[in-house]
Amino acid sequence: MKIKVARLFSDWNGNQNQYLLEIMKGIDHERFSQVCIYFGKSSDKSHPLEKEGVKCYYLSETRRSPSFSLSVLKKFIRILREEKVDIIQANRHKSTFYAALAKPFVPAKIVMSHVHRLNAIRSFFRGCAYRFILSKKVDCFIGCSKAVAKDIATNYPGVKAAQVVALDNSVNAQRFMNALADRPALRARHGYADEHFVFVAVGRLFETKDHATLIKAFSNVNKAHPESRLLILGEGRLRETLEALINELGLAGKVDMPGNSMEVPQYLKACDAYVMSSVAEGMPLALMEAMASGLPCVVTDVGGMSEVITDERYGLLVPASDSESMAKGMIRLLELSEEDRAKMIKNAQTRILEHFDHPVAIKHQEKLYLDLMERK
């Protein structure tokens, strides 16, 4: 008999769905069946999972459901009973809370909570929820990196180390390795000529990404190498602050922030190096995508970054919140010989294929399901 897994999410998210679709398509359909449950409402856009025949449920009439709703909980319990779910895999806190409350009333044998970032216990009430409810009802907490797993075991009230495992994030490596891009056209769109060395960063314009430090670092890079350029893909509440910093440093026309893009794989192929200045990360997909794309990378040594870039064969690590160190790392990448750059790119792509490609992660996930079911 197949093991049925219900994956829980707070709301419908396009980027999340692409990742989820790739993982769910790879799961062994002879052993497992899957459904998705969203605590928000459905989107006006067509859902790629439903096109693939995956049954999806939506429990609220608003995009984001309330922090707690008894009617949503009742609906949730009814669906779990009807679907005869064996494993509930919750993503983030709200979904985990509902799963824990539902567990005594449903046939599910296992409740899992998938944690995607560091420092997630930020309030007294959330800490109490973990100490008195979630740590007792959740069978397994999954960290998306060893750093996140350690954070869970250390800082989540009531959670024991035996309840925690690390299951590394992964990417569709072939999608990024083989992406086709009109490099001259994409570069011309932003005024980049062949001689320009273009650094690219992908991420929301939020505090944790610390783009201010990156822009200050690039100011030093550009003084040493006037042919350098910086492209930041993403949108967020810090746009005006960052634009003011760009103007203050005299970098207008040299730093470009075009917003969100559906062409990230193409942009990665059109640029020359990848940078990430975050002050906190779990295990960022953006870094692994850049490495798979063939970009040498310089990133801050936070969270799971050093689990991906373990040494300088694969890229460069620099301290967080340190514009001088970031600038030195960027200049090192820019000044690499063609031979050294080619070696770093090849090593990085091999590392992604061997350790962080979807098929690798799917095998680990399937084994985790089977191990937990066997214990029960």
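Before reading further, recall that the structure is shown in the block above.
Residues numbered from 1 in each chain as written. Predicted model: local features only at pLDDT ≥ 70, side-chain atom pairs only at ≥ 80, totals over all residues. Heavy atoms only, no water.

Visitor: Would you explain the sheet that holds strand β1 (residues 3-9) in this entry?
Guide: Note on sheets: strands pair through backbone hydrogen bonds, and any given pair is parallel or antiparallel. One open sheet accounts for 7 strands, arranged β3-β2-β1-β4-β5-β6-β7; its pairing is parallel. At either margin of the open sheet sits one strand with a lone partner, and together these are β3 (55-58) and β7 (164-166). Neighbouring strand axes in the sheet, compared pairwise and without regard to direction, differ in orientation by 25 degrees on average. Lying on the sheet, helix α3 (residues 70-83) is in contact with β1, β2 (32-38), β3 and β4 (87-91); it crosses β2 at an angle near 165 degrees. (Pairing = 2+ DSSP bridges. Helix = DSSP H or I, 4+ residues; strand = E, 2+ residues; numbered from the N terminus. Axes fitted to C-alpha atoms, helices over the stretch in contact; angles between N-to-C directions. Contact = heavy atoms within 4.5 Å.)

Visitor: Would you take a moment to explain helix α15 (residues 338-355) for this structure?
Guide: The α-helix advances 3.6 residues per turn, and as a result positions three or four apart in sequence lie on the same side. Taking 1.5 Å per residue, 18 residues should reach 26 Å; α15 reaches 26 Å between its end C-alpha atoms and fits that length. Along α15, the residues classified as buried are Arg341, Met344, Ile345, Ala348, Gln349, Arg351 and Ile352. All buried residues of α15 fall inside an arc of 160 degrees around its axis, so they share one side. Residues of α15 that are exposed and point over 90 degrees away from its buried face: Glu339, Lys346 and Glu354. Those residues of α15 that are buried lie in contact with α7 (173-177), β8 (197-202), α12 (285-293), α13 (305-308), β13 (316-318) and α14 (323-334). (Expected span 1.5 Å × (residues − 1). Buried < 20%, exposed > 50% of the residue type's maximum accessible area, 1.4 Å probe, protein only. Arc of directions from axis to C-beta.)

Visitor: Help me understand the pattern of salt bridges, please; the structure alone is not making it clear to me.
Guide: Side-chain pairs of opposite charge can arise whenever the charged atoms involved come near each other. In the structure shown here, the tally under the stated rule is 18 salt bridges. The salt bridge involving aspartate 86 is made with lysine 109; its shortest N-O contact spans 3.4 Å. Within this pair, whereas aspartate 86 is found in the loop between α3 and β4, its partner lysine 109 is found in the loop between α4 (92-102) and β5 (110-115), the two being separated by 23 residues in sequence. Notably, a salt bridge pairs aspartate 311 with arginine 313, separated by 2.8 Å at the nearest N-O pair. Owing to a relative accessible area of 28%, aspartate 311 belongs among the partly exposed residues under this scheme. One salt-bridge network, held together by shared partners, links Lys4, Lys55 and Glu83. (Salt bridge = Lys/Arg side-chain N within 4 Å of Asp/Glu carboxyl O.)

No statement about biological role is implied by the geometric values presented.
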